[in-house]
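# Tertiary structure, described
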Amino acid sequence: MGVLAATAATACTSKKQPPVATHSPLADSADQIMYGARFKMTDQGLARAEMQSDTLYFFDDNTRIESENPHITFFTAEGAKDAVLTARHGTSNTRTNNMVARKNVVVVSEDGRRLTTEELIYNQQRNEISSDSAFVLTEPNRRLEGIGFRSDPNMKNIRILKGASGFARGVTTEPAAASTTPRTVPKR
């Protein structure tokens, strides 16, 4: 009996605090919150993308949607999977049909191209991804870096805005000293 009483007394006087759940400050002012959300983004009846997110926070009469851990699958005009975007945070505007992905943004195409950046904009109507931030695009035998780009979601045709450098099959390029002319680099 003495051991059981001692164990019970120790358990009651434990100073270990219970775990505290993380709480997003967005939850305090959101009009609506959805957990485990999934929806399609369409343009004139054509499915352009499908978005999944851990949590969605709706604001401004549901015209601004903040997302945690968005996972977006892009589709071709024929409906085939084209590329996948992941990020830590995102903001969607239902009036403009634009989405901004932020923090650890990664886009991976179906045939292996991988783009990383800290912020990326998806324009649904133009079916275009873009950024004004530094980025790195890698694929077998090729690596491109720069500051800012415009591209289709599959990254077959990418236009680098400035500071383009990288290598391709043994050819190395260095950024031009004062070049501000955007460069378009088609997929080979």
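Values in this document were obtained by computation on a predicted structure and should not be read as measured data.

## Regarding the overall build of the protein chain
- Within the protein chain, the regular secondary structure consists of 2 helices and 13 strands.
- A burial count over the protein chain gives 38% of its 188 residues as buried.
- In the protein chain, once contacts between residues fewer than 6 apart in sequence are set aside, the share between residues at least 24 apart is 35%.
- In the form shown here, the protein chain has an accessible surface area of approximately 11,300 Å², with 52% of it arising from carbon and sulfur atoms.

## Some remarks on the pairing of strand 9 (residues 128-139)
- Of the pairings in the sheet, the one linking strand 8 (residues 114-123) to strand 9 comprises 7 bridges and is antiparallel in character. The residue bridging Arg-114 from the neighbouring strand is Thr-138, located in strand 9.
- Linking two consecutive strands that pair antiparallel, namely strand 8 and strand 9, is a turn of 4 residues; a positive phi of about 50 degrees is found at Asn-127 within it.
- Bridging between strand 9 and strand 10 (residues 142-151) involves 9 bridges; their strand directions are antiparallel. Residue pairing for strand 10: Thr-138 is matched across the bridge by Arg-143.
- Hairpin remark: strand 9 followed by strand 10, antiparallel, with 2 residues in the connecting loop; positive phi at Asn-141, about 65 degrees.

## Observations regarding the confidence of the model for the protein chain
- The predicted model of the protein chain has a mean per-residue pLDDT of 82, with 79% of residues at 70 or higher.
- Mean pLDDT in the protein chain bottoms out at helix 1 (residues 2-12), which sits at 49, and peaks at strand 8, which reaches 96.
- Every residue in residues 177-181 is under pLDDT 50, and counting partners more than four places away or in other chains gives 2 contacts.

## Things to note about the pattern of salt bridges
- Scanning all chains against the criterion turns up 11 salt bridges.
- Arg-126 is the salt-bridge partner of Glu-128, the closest N and O atoms lying 3.4 Å from each other.
- Given the relative accessible area of 57%, Arg-126 is considered exposed.
- Close ionic contact of Arg-143 with Glu-145 constitutes a salt bridge, the shortest N to O distance being 2.9 Å.
- Given a relative accessible area of 30%, Arg-143 falls into the partly exposed group.

## Remarks on the packing of aromatic side chains
- Tallied over the entire structure, the rule returns 2 aromatic pairs.
- We note Arg-64 situated over the ring of Phe-59; from NZ or CZ to the ring centre the distance is 4.3 Å.

## A word on the environment of Ile-158
- Relative to the helices and strands, Ile-158 is located in strand 11 (residues 157-168).
- In this structure the C-alpha to C-alpha distance between Ile-158 and Ile-129, which are 29 residues apart in sequence, comes to 9.5 Å.

## Description of the pairing of strand 2 (residues 46-59)
- Most of strand 2 sits inside the fold, with 10 of its 14 residues counted as buried.
- Looking at chain direction, strand 1 (residues 32-43) and strand 2 are connected through 11 bridges and run antiparallel. When the bridges of strand 2 are listed, Ala-37 appears paired with Ser-53.
- Here 4 bridges tie strand 2 to strand 4 (residues 71-75), and the two strands are oriented antiparallel to one another. Across the sheet, the residue bridging to Glu-50 is Thr-73, located in strand 4.
- As paired strands, strand 2 and strand 3 (residues 64-68) are joined by 5 bridges and run antiparallel to one another. Paired with Thr-55 across the two strands is Glu-68, which belongs to strand 3.

## A closer look at the environment of Arg-143
- With respect to the element layout, Arg-143 can be found in strand 10.
- Sequence separation of Arg-143 and Arg-169 is 26 residues, and the distance between their C-alpha atoms is 9.5 Å.
- Among all residues touching Arg-143, those that are not within four sequence positions of it are Val-136, Leu-137, Thr-138, Ser-165, Gly-166 and Phe-167.

## Topic: unusual backbone geometry
- Non-glycine residue Asn-141 carries a positive phi angle of around 65 degrees.
- Mapping Asn-141 onto the fold places it in the loop between strand 9 and strand 10.
- You can call Asn-141 exposed: its relative accessible area is 53%.

Parameters and conventions
- Residues numbered from 1 in each chain as written.
- Predicted model: local features only at pLDDT ≥ 70, side-chain atom pairs only at ≥ 80, totals over all residues.
- Heavy atoms only, no water.
- Helix = DSSP H or I, 4+ residues; strand = E, 2+ residues; numbered from the N terminus.
- Buried < 20%, exposed > 50% of the residue type's maximum accessible area, 1.4 Å probe, protein only.
- Contact = heavy atoms within 4.5 Å.
- Areas by Shrake-Rupley, 256 points an atom, 1.4 Å probe, with all protein chains shown as cover.
- Pairing = 2+ DSSP bridges.
- pLDDT = per-residue confidence, 0-100.
- Salt bridge = Lys/Arg side-chain N within 4 Å of Asp/Glu carboxyl O.
- Phe/Tyr/Trp six-rings, centres within 6.5 Å; stacked < 30°, edge-to-face > 60°.
- Lys NZ or Arg CZ within 6 Å of the ring centre and 35° of its normal.

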